[in-house]
Structure formats: C-alpha cells, structure tokens
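Tertiary structure, described
Chain by chain, the residues:
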Amino acid sequence: MACNLSHCESCSGEGKSVVAIRFCSDCDECLCKKCVEYHKKCKATKSHHLMDLASIAKSKIPNVKKFCEVHEDVFLDFYCMQHDTVCCRKCIPCTHQSCKDVLPLEVASEHIKQSSVLDDTFNEWQNSGKTLDHLRKDRNDNIEQLEKSESAICEEVDNLKNNLIKQINTLDEKIKTDLSSYKKKYINQLRKDISEISEVYDNVKERGQELEFRKEHGSNNQLFLMLREQGKGVQNVVKRVQEMTISYKKAHLKFEKKADIDLTSMGSISEVKKVCDIQYSPVKLQQAQFSHKELRLYLPLRRK
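Before going into details, it helps to say that this report is about the structure given with it. Please read these numbers as outputs of a predicted model, since none were measured by experiment.

**Some points on the packing of helix α6 (residues 116-217) against helix α7 (residues 220-247)**
The N-to-C vectors of α6 and α7 enclose an angle of 155°; their axes lie 11 Å apart at closest approach. Taken together, the axis directions place α6 and α7 in an arrangement best described as roughly antiparallel. Of the two elements, α6 crosses α7, and the hand of that crossing is left-handed. In this structure, α6 contributes Glu 196, Ile 197, Glu 199, Val 200, Asn 203, Val 204, Arg 207, Glu 210, Leu 211, Arg 214 and Lys 215 to the contact, and α7 contributes Gln 222, Leu 223, Met 226, Leu 227, Gln 230, Val 237, Arg 240, Val 241 and Met 244. For the contact of α6 with α7, the per-class residue count stands at 10 nonpolar, three polar and seven charged.

Below, the structure written as structure tokens:
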C-alpha cells in the first residue's frame, strides 16, 4: 500500500496535513473526510471502493501493476483480446494497430467478478494453500517422528549395551569361578605332596643321623648291624623318591580366550525414504481464454 495511513495523500500533495479516514483501493490512496465526499460525487471516482482504515490496519493491501512496462509513465488502460495482454494508449499504435478487439480496461473487466477464471484461480489458491498446509504438517510430523526414532534407537542401543555388559559379567564370573576352583584343586594337591615329601624327608633325615651317630660313636659291630638293618629300608626310600620325582607335576594356570570378540560395531543406522503421502491435484484453470468467450457474450451489445 503506497499511502501513509494517518494522513490524506491528496491533501499532502497540496502541502496540507489532514487526518485520513478512508482508503480507496482503486486509487490506492488514503483520503480525508472532505476528499471522501468529493470521491463519491465525482463521476470518475464515485464507483470506487472505499474502505475503513480501521479494517485496513489488520489486513494487507496487495499492490497491482498499473503502469506500462514499455511506457513507464502511462497507465494500463486497454486490453487486447488478440494478443491476450493489457497495454497503454501508447502501445496501441505501436503494437496493436491492426488488432480487431482492443477494449478499454473497464469494458474488459466489467464482468470479471462473475467469471469462471476468477473462481478457478481462487479455488487454485485455496487448493494450493490446503496442500501446502498438509505438506507443512507432514514435514512437522516427520520431524517429530525423527525425534522419536532417535530416542527409540538410543534406548535400543542402551538395552543392547546393557545386555552385552550383563553377558560379559556372567562370563567374567564363570571364568573367575573356574579359576578359583582350579587353583584350589592344585593347591590342595601340592599341599598333599608337600606333606608326603615332609614325611619321607623326616624319615630319611632320622636314618641318616642314626647312621652318622654309629659311625662316630658306635663300634664296628653296631655300625655293621645298622647298615644291614637300613639296607632294605634305604632301597625302599630310593624307590619312593624316584616315583615321587616322576609322578609329581608342576601346576600352571593359563587363560585361553576364545576368538576375539568383535566390538567394533553393534549395528548401523540406515535411512528409509518413501514418497510423501500428500499429493497435489491441480484445479483446471481456463487461463486467459475466459476473456475471449465471456467478453464476446456482451461485446456486440456494447458496440451497438
């Protein structure tokens, strides 16, 4: 909208500052009370649409191209049916001199509000707006779904991680239980071996001390008799010691792990795309041809 909503544009052109009360959508100007009265009386403007400024403040007034693109200072006042285009009075002798039907714009637009193209165009805007609303909702719903998907996937990954940790803890507990059991078994066996060794050792040491004593302090007869007595016993001890050295095993525990556990990945995120559920069905526009058909209905009457 071109005017200042608070002042009359017509009066401002004369250097006056007068409060505006109405807006003329045809002139695209704000008018004061005096100019409104003149607008209603003047033959050229009495059919113009005047709007209350209070209602305009809440709405947006669209701009309409009024001047010719070729002759920028001249209004678009004519419509050429042959070329289906609007033009100014300077365009007619230049590009539309041989055209049969060049109508004043007020004639061409007289029944525009009852035309089917207005209904079709308006319906198309509504249809497009409705489709865009559905698309926007679909996009917002998709965002919400992605947020929920992230939470669900994170929860699923956490559950998988907890299950893996639980399994690892169970395996860890089993290995440590087995380790403790094997250690206990071998230690008990080793202690039993030590007890057996100690028993034989005490006997060997005692017999050796007895023999040494008789050697130092006994007679030859006593030493001879003792040797005869120990002869069979020493053979038994030698045999037993030999058996012990052969039968005893050194215990060693070793951890033999299975094939390496692959923890480089627990899974992956995949993208799933599908065609949007919202489809667009256009309204069939009759385009500018409406003017040829509809204008010809009343054009001959106006020419008479």
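**Quick look at the sheet that holds strand β3 (residues 50-52)**
The sheet built from three strands is open, its strands ordered β2-β1-β3 with antiparallel pairing. The sheet terminates laterally at β2 (29-31) and β3, the two strands that pair on one side only. The mean inter-strand angle of the sheet, taken between neighbouring strand axes irrespective of direction, is 35°. By the bridge criterion, three bridges tie strand β1 (residues 22-24) to β3 in an arrangement that is antiparallel. Counted as the bridge partner of Phe 23 is Met 51 from β3. Relative to the sheet, helix α2 (residues 33-41) contacts β1, β2 and β3, its axis offset from that of β2 by approximately 110°.

**Some remarks on the pattern of salt bridges**
Here the structure, examined in full by the defined rule, presents 12 salt bridges. A salt bridge links Asp 138 to Arg 139, with the nearest nitrogen and oxygen atoms 2.6 Å apart. On the basis of relative accessibility, which here comes to 44%, the residue Arg 139 falls in the partly exposed class. Between Glu 144 and Lys 148 there is a salt bridge whose closest N-O contact spans 3.5 Å. Of this pair, Glu 144 and Lys 148 both sit in helix α6, four residues apart, which is roughly one turn of the helix. On the basis of relative accessibility, which here comes to 53%, the residue Lys 148 falls in the exposed class. Each of Glu 206, Arg 207 and Glu 210 takes part in a single network of salt bridges with overlapping partners.

Rules used in this analysis
Residues numbered from 1 in each chain as written. Predicted model: local features only at pLDDT ≥ 70, side-chain atom pairs only at ≥ 80, totals over all residues. Heavy atoms only, no water. Axes fitted to C-alpha atoms, helices over the stretch in contact; angles between N-to-C directions. Helix = DSSP H or I, 4+ residues; strand = E, 2+ residues; numbered from the N terminus. Parallel < 35°, antiparallel > 145°, perpendicular 65-115°, else oblique. Left-handed = near helix turned anticlockwise from the far one by under 90°. Contact = heavy atoms within 4.5 Å. Nonpolar A, V, L, I, M, F, W, Y, C, P; charged D, E, K, R; others polar. Pairing = 2+ DSSP bridges. Salt bridge = Lys/Arg side-chain N within 4 Å of Asp/Glu carboxyl O. Buried < 20%, exposed > 50% of the residue type's maximum accessible area, 1.4 Å probe, protein only.

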